[in-house]
Number of protein chains: 2
Amino acid sequence: MSIDREALLQGNRRTLAKAITLTESKLDSHRQEAQLLLESLLPHTGNSIRIGITGIPGVGKSTFIEAFGLYLIKQGKKVAVLAVDPSSPITGGSILGDKTRMEVLSQQENAFIRPSPSGGALGGVAQKTRESMLLCEAAGYDVILVETVGVGQSEYEVASMVDFFLVLMLPNAGDELQGIKKGILELADAIVINKADGSARAMADQARQHYNNALSILHHNHFWQPRVLLCSAMENKNIDVIWEMVTQYHQCSLDAGVFHPKRARQNQEWMWRLVHELINRSLSHDPHAKAVCDAMQNKVNAGQTTPYIAAHRIVESLRQI
Amino acid sequence: MSIDREALLQGNRRTLAKAITLTESKLDSHRQEAQLLLESLLPHTGNSIRIGITGIPGVGKSTFIEAFGLYLIKQGKKVAVLAVDPSSPITGGSILGDKTRMEVLSQQENAFIRPSPSGGALGGVAQKTRESMLLCEAAGYDVILVETVGVGQSEYEVASMVDFFLVLMLPNAGDELQGIKKGILELADAIVINKADGSARAMADQARQHYNNALSILHHNHFWQPRVLLCSAMENKNIDVIWEMVTQYHQCSLDAGVFHPKRARQNQEWMWRLVHELINRSLSHDPHAKAVCDAMQNKVNAGQTTPYIAAHRIVESLRQI
């Protein structure tokens, strides 16, 4: 599977799609080829704003992304939409699986939409999405939107690979509280209350107040106080204000000298996570080491040994692989 | 250094103190001895309620712990107070360092107070506090209070070793928001607003409302909704209500079948954290592996290689140790 590197750098969408498919392949030879390609493309990456977008089903994520993406394209941007949905291989694709979603956006020449990859390889869905993001940047995309359903671990992963993390909410704060994962508000650089139109407007104002209170308790960050905005993706209202906020954030984080350090830190953390994932794989693939791990877990659970002693035994078994 | 195991099991405080000193020793031979002792004592551990208590300096932690501890002793309990304060070796001991603190409590026969250990060994201060906790349990202590300053990573560590995590706050919600670490409210099983006495009472009621709102957004847990209580440790008010809440929590989590599974999970997570810490130590102690790690971090930072490729190189270097 050979990729025309020049065509990719010139923004050819078919080549981009093919390159992403290569990174998603389960064949080791393809993985290696993909990594060499990625390494060679690194000097051409990083020139985008990476925005994570999450929200529970029903919040209007696709309508929002369509409206937001079309707005950005009108501003002369090239927009890529990637999805992280660890559940999709099982449920048949709860996000981006339906081809009728984002119908207008998907027809734009300056838009590129890619559904969620399936997991399995080292680093899982998150690793593949990171790679897709780099490939999109190499192909000249200015804004990368990474969509995730806000009901699992995926929002943490997405927050750890983007510059700006946006949480979509419904106007009715009471009803949807049950669906929000504990901790998700911690990750938010902004909360956008969607469907703030018609009779829901007053409720949306209340919800805004509510989330503003919550955020004022949670966050303190020397250069950015997370904001709560209202919008109606359906009626195309306030979409421009949201983009303005993102560009403000970008400027603030550049001025504060934290934009590039944050990306560097994300890469470092990701590298170490892969190191430990590789080691966990070694431990579970080697029959002797796996037996030691199982035995130690059982002994710790049964109160027969301490985690300290158990950890030493596991590391000894790793040395013998 | 030999420990009289029987004396420890009978609750001799000098033996307990000596055993804790053994676990804190920097000598490898002492560490090994301590681990064997701990392993042999495991059948006698686990019979306490472990309560983590955090709050910024000035919130009245020692006054609260003294009042709470004395109340528990009156109920016939044996109470141990341990401190986790990673900063104490540097600052000269910001908590529990002052001998005049908890003066009345420290004179009780059924109280045992131990200041923060210093870090350095595998697992750091948290590891030593976990070990002290087990030793106190073996010595018959019913309630273990683990105190931490709420300004670092230590509250996460404490939350991961206790059954119940209590966050102390001041009545003036506005003033002390800056001091609370983002995320700390996430960990709370209860927020207790201390110093809710005299003219601060009205403010405390407001703060209570405020935190109740915040917690209702953050948490959902099938057996426990975190509570916000007022108290005055100085005037000894509502201390009984706080203990009643903790026993309710204990009963609820037993009934829901989550009490022991939570402890088992804490042990498992701790074991794996030690495994990865041991591996990180190997990597940093071996000159070749360390050189590879440094080179890979630099290459990732400079955009010369991908985290994926870098992680593979690091794991290869580990194999050669």
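See the structure above.
First, a word on what this report is: a plain description of the structure on this page.

1. Notes on the pattern of salt bridges
Argument step 1. Under the defined criterion, the tally for this structure stands at 18 salt bridges over all chains.
Argument step 2. A salt bridge links Glu131(A) to Arg31(A), with the shortest nitrogen-to-oxygen separation between them at 3.5 Å. Placement of Glu131(A) in helix H7 (residues 124-138) and of Arg31(A) in helix H3 (residues 28-41) is noted, with a sequence separation of 100 residues between them.
Argument step 3. Looking at Glu131(A), the relative accessible area reads 3%, which means it is buried.
Argument step 4. Where Lys290(B) meets Asp294(B), a salt bridge forms, and the shortest distance between an N and an O atom there is 3.0 Å.

2. A few points about the sheet that holds strand E7 (residues 227-230) of chain B
Residues and elements named next belong to chain B.
Argument step 1. Read from one edge of the open sheet, seven strands run E3-E2-E4-E1-E5-E6-E7, paired in parallel fashion. Strands with a single pairing partner mark the edges of an open sheet, and in this sheet they are strand E3 (111-114) and E7. The sheet shows a mean angle of 20° between the axes of neighbouring strands, direction not considered.
Argument step 2. Note: strand E1 (residues 49-55) against strand E4 (residues 143-149), seven bridges, orientation parallel.

3. Re the environment of Val246(A)
Argument step 1. Counting through the fold element by element, Val246(A) comes out in helix H12 (residues 239-255).
Argument step 2. Aside from chain neighbours lying at most four places away, what touches Val246(A) is Ile49(A), Ile51(A) and Phe164(A).

4. Some remarks on the nonpolar core
Argument step 1. The biggest cluster of nonpolar side chains holds 132 residues, and the ones touching the most others in it are Ile191(A) and Ile191(B).
Argument step 2. Not counting residues up to four positions away in its chain, the partners in contact with Ile191(B) are Val167(B), Met169(B), Leu185(B), Tyr211(B), Leu215(B), Arg227(B), Val228(B) and Leu229(B).
Argument step 3. Among the nonpolar cores identified, the runner-up in size contains 36 residues, and Ala67(B), Ile73(B), Met102(B) and Leu105(B) belong to it.

5. Some points on the relation of the copies chain A and chain B
Argument step 1. For these two chains of identical sequence, chain A goes onto chain B by a turn of 180° and a shift of 0.0 Å along the axis, with RMSD 0.0 Å. These values place the two chain copies in the arrangement generated by a two-fold rotation axis. Closest to the rotation axis within chain A is the C-alpha of Ala214(A), separated from it by 2.6 Å.
Argument step 2. Looking at the interface residues of chain A, 100% of them are also at the interface in chain B, so both copies use one shared face.

Cut-offs and rules
Residues numbered from 1 in each chain as written. Chains lettered and ligands numbered in written order. Predicted model: local features only at pLDDT ≥ 70, side-chain atom pairs only at ≥ 80, totals over all residues. Heavy atoms only, no water. Salt bridge = Lys/Arg side-chain N within 4 Å of Asp/Glu carboxyl O. Helix = DSSP H or I, 4+ residues; strand = E, 2+ residues; numbered from the N terminus. Buried < 20%, exposed > 50% of the residue type's maximum accessible area, 1.4 Å probe, protein only. Pairing = 2+ DSSP bridges. Axes fitted to C-alpha atoms, helices over the stretch in contact; angles between N-to-C directions. Contact = heavy atoms within 4.5 Å. Core = buried A, V, L, I, M, F, W, Y, C linked by side-chain atoms within 4.5 Å. Least-squares fit on C-alpha atoms with pLDDT ≥ 70 in both.

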